[in-house]
Amino acid sequence: MISVTAQPMQEAPEVIPVMRPKLPSADHVLPYLRRLDSSRIYSNWGPLVTEFEHRLCEHFVLPAGSVVTANSGTTALVSAILATAGRATLERRYALMPAYTFVATAAAAEQCGYEPYLVDVDAESWALNAQTLLGHSALERVGVVIPVAPYGRPVPQAPWQAFRAQTGIPVVIDGAACFDGITAWPEPFVGRIPVAMSFHATKAFGSGEGGCVVSVDEPSQQKAFARALNFGFYGDRVSRSAGTNGKMSEYHAAVGLAELSGWKDKQALYVDVIERYRRKLGAAGLLRSFRSAPNVSACYALYVCSSASESARMQAFLDQRGIDSRLWYGNGLHHHVSLKDAPRDDLQVTEELAPRIVGIPMAADLPDSAIARVVSALVECLAVGRSTSSTEDVTYSAAAQR
Ligand SMILES: *Cc1c(COP(=O)(O)O)cnc(C)c1O
């Protein structure tokens, strides 16, 4: 037998994912699941979904009935659109939305028959500006406006209520990542304009898949969300309005209830991770470019690069060091193949902003070692960039081969 001298292998460091979700353990979900065995109700607003909706109302300190659950954030948005605006008509076929968002905003509008019409965002808020849109030339053909809460930064109701009153056009807010933002301060962000939220595993608060519509409105309006989520049925089996199957199952409600019970602990973990990130970034002089909770939802750690080329270099640099990063909203909706022909305004701000906002690793239990690796990679990448402004690419590839 030939003996091979053991060469110490250069071990590649473990890849740090950009997001590592953590939902309640099986032990925490089990007591809720056991209730399914006796109720034998598995969907259609059974006892667990009903309890989940009640507890979410209490959590947000809203009147009973203000929360209607759905099986995803996207169907929550669909139900809010169908209930407030109905399906698209020939005269009003556009859904006005920001180009800077996750593709689900457009998908929801398309499911309701609308053609997404992409408008630019504000450079400071990263969101639509209600005031600016009042004079938009396409308004006569717009059936619904869908402002988006960028990275869960909640959208205030007041300007959109004014917009709706002035134009008569229904407004629905895509507040997919707003759970923690609205928890912190519901008052300005909840009202008659429905807010659709997502409980997808990657969001701060998760049930695997799931979502809800939050609104403080007439009970008839809240019923309309539930009707849209259940084929247009309400109380009987006659479909009276446009609908789909967007109901949350009792299984998902079980996870959601356990997640809600553990929310305070999960939130404390997030706060701790963000504190540790901020300390390390602060020591490196990089805090100014960092965005995290409470500025955005706790599931996002964002590094705002100074240019698209710095961002591209950073993403490649992180990748080489086994650190996952992501442009969560890509380069804007119009860069998706399916939306490349969507009617749109000049998207100067989106074009400039989107490539620069880099999602860096986040998790409720992100260890110190991961934070240290991410921050030192950022420092190293930026130092390489600074020392080589004109011969950037050449020097970078040399550095990358070290
Ligand atoms: C997550 C997200 C959605 C979609 O939610 P799902 O629960 O995955 O359907 C929609 N819009 C935005 C802005 C999101 O971040």
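Think of each chain on its own: its residues are numbered from 1, step by step along the sequence as written. Only residues with pLDDT of at least 70 are given local features in this predicted model, and only at 80 or more are side-chain atom pairs given and counted; all residues enter the totals for whole chains, interfaces and linings. The basis for every side-chain value is the complete set of heavy atoms in the structure, and neither hydrogens nor water enter the calculation.

### Focus: the overall build of the chain
- The numbering of helices and of strands both runs from the N terminus, where a helix is a DSSP run of H or I of at least 4 residues and a strand a run of E of at least 2. Assigned secondary structure in the chain consists of 14 helices and 10 strands.
- Here the chain has a C-alpha radius of gyration of 23 Å; the compact-globule value for 402 residues is 21 Å, and the two agree.
- Reported as C-alpha extents along the three principal axes, the dimensions of the chain are approximately 75 × 55 × 45 Å.
- Burial analysis of the chain (402 residues in total) assigns 52% to the buried set.
- For the chain, restricting intrachain contacts to residue pairs at least 6 apart in sequence, the fraction spanning at least 24 positions comes to 72%.
- For every accessible area listed, the method is Shrake-Rupley and the probe measures 1.4 Å; residues are considered covered only by the protein chains on display. Surface exposure of the chain reaches about 18600 Å², of which carbon and sulfur atoms provide 53%.
- Here the chain holds 36 positive side-chain charges and 39 negative ones, and the gap between their average locations is 2 Å. Here the globule rule reads 2.2 Å times residues to the power 0.38, and the radius of gyration is calculated from C-alpha atoms. The rule is simple: take the accessible area with a 1.4 Å probe, protein chains only, and divide by the maximum for that residue type; under 20% is buried, over 50% is exposed, in between is partly exposed. Any two residues having at least one pair of non-hydrogen atoms within 4.5 Å are treated as being in contact. Counting rule for charge: Lys and Arg are taken as positive, Asp and Glu as negative, and neither His nor the chain ends is counted. Lys charges are placed at NZ, Arg charges at CZ, Asp charges at CG and Glu charges at CD.

### Details of the pairing of strand β9 (residues 301–304)
- Residues A301 and Y303 line one face of β9 and the alternating positions L302 and V304 line the opposite face, and both faces are buried.
- Whether two strands pair depends on DSSP finding at least two bridges between them. Relative to β9, strand β8 (residues 290–291) is paired through two bridges, and the arrangement is antiparallel. Within β9, the position partnered with F290 by the bridge is Y303.
- Note: β9 against strand β10 (residues 357–360), four bridges, orientation antiparallel. For Y303, the partnering residue across the bridge sits in β10 and is V358.

### Details of the site of the ligand
- For this description, a residue counts as near a given molecule or strand if any of its non-hydrogen atoms is within 4 Å of it. Near the ligand, the surroundings consist of 14 residues, among which G73, T74, D174, S198 and K203 are the closest.
- For this analysis, a polar contact is any N or O atom pair within 3.5 Å, provided that within protein one partner can donate a hydrogen and the other can accept it, and provided that sequence-adjacent residues contribute only side-chain to side-chain pairs. Here G73 contributes a backbone N or O atom positioned 2.7 Å from an oxygen atom of the ligand.
- In the model, an oxygen atom of the ligand is placed 2.6 Å from a nitrogen or oxygen of the S198 side chain.
- Cavity and pocket criteria rest on a 1 Å grid covering protein atoms alone: a 1.4 Å probe that fits but cannot get out defines a cavity, protein on both sides within 12 Å along at least 5 of 7 lines defines an open pocket, and an atom within 4 Å of a point defines a lining residue. What decides whether a molecule sits in a cavity or pocket is whether more than half of its atoms lie within 2 Å of the grid points. Of the pockets mapped on this structure, the ligand occupies the largest pocket.
- Partitioning the shell around the ligand into residue classes produces five nonpolar, seven polar and two charged. Three classes are used, and their members are as follows: Ala, Val, Leu, Ile, Met, Phe, Trp, Tyr, Cys and Pro are nonpolar, Asp, Glu, Lys and Arg are charged, and the others, Gly among them, are polar.

### Topic: the sheet that holds strand β6 (residues 195–198)
- The four strands lie next to each other as β1-β7-β6-β5, forming an open sheet whose pairing is mixed. Every other strand in the sheet has two partners, leaving β1 (67–70) and β5 (173–174) as the edge strands with one partner each.
- In this structure, β6 lies alongside strand β7 (residues 211–214), joined through four bridges in antiparallel fashion. Looking at the pairing, A196 lines up with V213 of β7.

### Some words on helix α8 (residues 219–228)
- Where α8 is concerned, the buried positions are Q221, Q222, A224, F225, A226 and A228.
- Residues of α8 that are buried sit in contact with β1, α3 (73–84) and β7.

### Examining the packing of aromatic side chains
- Note on aromatic contacts: the rings of Phe and Tyr and the six-membered ring of Trp form a pair at centre separations within 6.5 Å, being stacked when their planes are under 30 degrees apart, edge-to-face when over 60 apart, and tilted otherwise. A full pass over the atoms with the stated rule returns 20 aromatic pairs.
- When the centroid spacing of 6.1 Å and the interplanar angle of 10° are considered together, the rings of Y42 and Y251 count as stacked. Linking Y42 in the loop between α1 (26–39) and α2 (47–60) with Y251 in helix α9 (residues 250–261), this pair joins segments that are 209 residues apart in sequence.
- Taking 5.3 Å as the distance between ring centres and 40° as the angle between the ring planes, the aromatic pair formed by Y277 and F290 counts as tilted. Here the residue Y277 occupies a position in helix α10 (residues 263–283), and F290 occupies one in strand β8, the gap between them amounting to 13 residues. Comparing Y277 with F290, the two get one shared label, buried.
- Among the aromatic side chains, those forming a connected cluster through ring pairs are F52, F60, F179, F199, F205 and W263.
- One Lys or Arg, R153, reaches over the ring of W126 and ends 4.4 Å from the middle of that ring. Over a ring means this: the NZ of a Lys or the CZ of an Arg is within 6 Å of the ring centre and within 35 degrees of the ring normal.

### Some words on empty space enclosed by the protein
- Grid points are joined across faces, edges and corners, and a volume is the space filled by probe spheres set on the points. Going through the model one piece at a time under the given rule, you end up with one cavity of 30 Å³ or more.
- In this structure, the largest cavity spans a volume of roughly 30 Å³.
- Lining of the largest cavity is provided by A149, P154, V155, I173, G175, C178, I182, F189 and V195.
- When the residues that make up the lining of the largest cavity are grouped by side-chain class, the tally is eight nonpolar, one polar and no charged.

### Description of the domain arrangement of the chain
- Examined at the domain level, the chain breaks down into domain 1 (26–261) and domain 2 (263–325 + 360–389).
- Segment limits for the domains were obtained from an automatic or database-derived domain assignment. Between the C-alpha centres of domain 1 and domain 2 there is a distance of 30 Å.
- In total, about 1200 Å² of surface goes out of reach between domain 1 and domain 2, with carbon and sulfur atoms giving 57% of it.
- Joining two parts hides part of their accessible area as seen by a 1.4 Å probe, and the buried area is that hidden amount summed over both. For the domain 1 face of the interface with domain 2, the top three residues by lost area are Y151, D180 and A204, together amounting to 42%.
- Whenever a carboxyl oxygen of Asp or Glu lies within 4 Å of a side-chain nitrogen of Lys or Arg, that contact is scored as a salt bridge. Between domain 1 and domain 2 we count one salt bridge in total.
- In this structure, the connection of domain 1 to domain 2 is made through nine residue pairs in polar contact (both at pLDDT 80 or more).
- Looking at the side of domain 1 that touches domain 2, the elements with two or more residues in it are α7 (179–184) and α9.

### Notes on the packing of α2 against α9
- Running from N to C, α2 and α9 cross one another at 30°; their axes reach a closest spacing of 8 Å. Between α2 and α9, the angle is such that the two are roughly parallel. Here α2 and α9 pass one another in a crossing that is left-handed. Across the interface between the two elements, P47, L48, V49, E51, F52, R55, L56 and H59 from α2 touch E250, A253, A254, G256, L257, L260 and S261 from α9.
- Residue composition of the contact of α2 with α9, by class: nine nonpolar, three polar and three charged. Axes here mean lines fitted to C-alpha atoms, for a helix over just the part in contact, with angles spanning 0 to 180 degrees between N-to-C directions. Put simply, angles under 35 degrees are roughly parallel, angles over 145 are roughly antiparallel, angles from 65 to 115 are roughly perpendicular, and the rest are oblique. Each crossing gets its hand from how the near helix is turned against the far one by less than a right angle, where anticlockwise is left-handed and clockwise is right-handed.

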